[in-house]
Each structure stands twice: as C-alpha cells, then as structure tokens.
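Take a look at the letters that make up each chain.
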Amino acid sequence: YQTIGFVLAFLYAAAWGGDAKAETYNGLKLYVWEFGTRGDEENELAANFTREFEEALVKQDCAMVLERRSYDQLLHQKDNEQFVMSIEGISDSSMKKLRMIEAGGVVFGELYDDVQSGELKISAKVQRFDGRNMAIDSVRIPRGRRFDAASRESGMKDLAATICSSLSHGNPDEPSA
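The rules behind the values
- Residues numbered from 1 in each chain as written.
- Predicted model: local features only at pLDDT ≥ 70, side-chain atom pairs only at ≥ 80, totals over all residues.
- Heavy atoms only, no water.
- Pairing = 2+ DSSP bridges.
- Helix = DSSP H or I, 4+ residues; strand = E, 2+ residues; numbered from the N terminus.
- Phe/Tyr/Trp six-rings, centres within 6.5 Å; stacked < 30°, edge-to-face > 60°.
- Buried < 20%, exposed > 50% of the residue type's maximum accessible area, 1.4 Å probe, protein only.
- Core = buried A, V, L, I, M, F, W, Y, C linked by side-chain atoms within 4.5 Å.
- Contact = heavy atoms within 4.5 Å.

Enquirer: Can you walk me through the pairing of strand β1 (residues 29-32) in this structure?
Expert: Looking along a regular strand, one sees side chains alternate from face to face of the sheet. Pairing between β1 and strand β3 (residues 64-65): 2 bridges, direction parallel. Across the sheet, the residue bridging to Leu30 is Val65, located in β3. Bridge count between β1 and strand β4 (residues 105-114): 3 bridges; the pairing is parallel. Along β4, the bridge assignment pairs Tyr31 with Val106.

Listed below in structure tokens is the structure:
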C-alpha cells in the first residue's frame, strides 16, 4: 500500500506541477534574438549577455523561452541580416519561421558602452509581431565589470525580473529605469 500511495502522490505532484508551470507563463513563448551593440558590431560580449539573459529569463519562469540553437534555419537567416532591434527589422522569411515555431514575441537586446559615464547599459524589449512592445527595460553595470561573469549574470537576472514583471502586469512601451 505504501508503494501505491507513493506512486499516486508522485503522479499527483507531476500533474499539479505541470499545471502550475503552464499557469506561470500563461503559454507565452519567446524567442531571444541575439543581442547587439549600437555600433552594429557582433562581439563575444554581446553573445555572452544574450546567453546569460536567456538563462535568467528561463529561471524567472514567466515565459517559455524557445531554444535558439534548435532552429538552425532561423539562425542561418539571422546571420544574413544586419543587427536587428525591432520586429520591423526582421525579414519576411524569418518572421514566417518565428510564427511556425509559435513564438508569441521576440526579445531584442542592446548593449551600449557609455565610456564617458563608465557604465554599460543593457536594454531589452519584448515585441509582438504587430510591433507592439510587451515589455521594455534596462540595467546598468560598471564598465569595468563587463567581463566579470558574476556581474553580467546579476545584471541579467535583474533585467529578466523587470521584464517578467512588466509582462505579468501588462505595462509595455515605457521603461522603468
């Protein structure tokens, strides 16, 4: 009887856990576009921020983050496009592919290295396919800490939390920072 009770408890927990997770992000699926810089240059730092933001967003559990590396055709198309900061900059071909994978929105990120202030500003916005902003916000980290993984991860955790808060409260179009 103990074994049956354990199995029933496990099945109940698995079923309940699945429902709770679905309610957490309300079925929203997001594709995180590769972060870029204002200088339209691709660099390893932007790639690091992209991965760290994506990881932080997954941990926030406010949306299902679509695995970018699973969509090779979309990534190949992205590689042929210049730095994109909004839905309007995505090619028709990539838009079709994003819709095929049932993405509900796309996250765009930008790094701005403000040398004079000594800070690195990292902005993120979530846009629907009609161009409407679902969430937008930014964080700043000291420029000297941009290569420090712990500082980047902390900044991306804060940015993901504010983006998720905006998504859950429906406060798009205006950054809070």
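Still more ground to cover, so stick around.
Enquirer: Help me understand the packing of aromatic side chains, please; the structure alone is not making it clear to me.
Expert: Given two aromatic rings, one states the distance between the centres and the angle between the planes to describe the pair. Evaluated as defined, the whole model comprises 3 aromatic pairs. Seen in terms of ring centroids, Trp33 and Phe108 are 6.3 Å apart; in terms of plane orientation they differ by 40°. Their pairing is tilted. Of this pair, Trp33 sits in the loop between β1 and β2 (36-37) while Phe108 sits in strand β4, placing them 75 residues apart in sequence. With respect to burial, Trp33 and Phe108 carry one shared label: buried. Consider the rings of Phe35 and Phe53, whose centres lie 5.6 Å apart with planes at 40°: the pair is tilted. Linking Phe35 in the loop between β1 and β2 with Phe53 in helix α2 (residues 44-60), this pair joins segments that are 18 residues apart in sequence.

Enquirer: Would you explain the nonpolar core in this entry?
Expert: A general feature of soluble globular proteins is that nonpolar side chains tend to end up buried together. Core analysis: the largest hydrophobic core is formed by 29 residues, its most contacted members being Phe49, Phe53, Leu57, Ile122, Met156 and Leu167. When residues of this core are traced back to their parent elements, those giving at least two are β1, α2, β4, β5 (119-127), β6 (133-142) and α5 (149-169). Ignoring anything within four residues of it in the chain, the contact list for Phe53 reads Val32, Phe35, Val107, Ala124, Met156, Leu159, Ala160 and Ile163. Ranked by size, the runner-up nonpolar core spans 12 residues in total, among them Leu66, Ile87, Met95 and Ala103.

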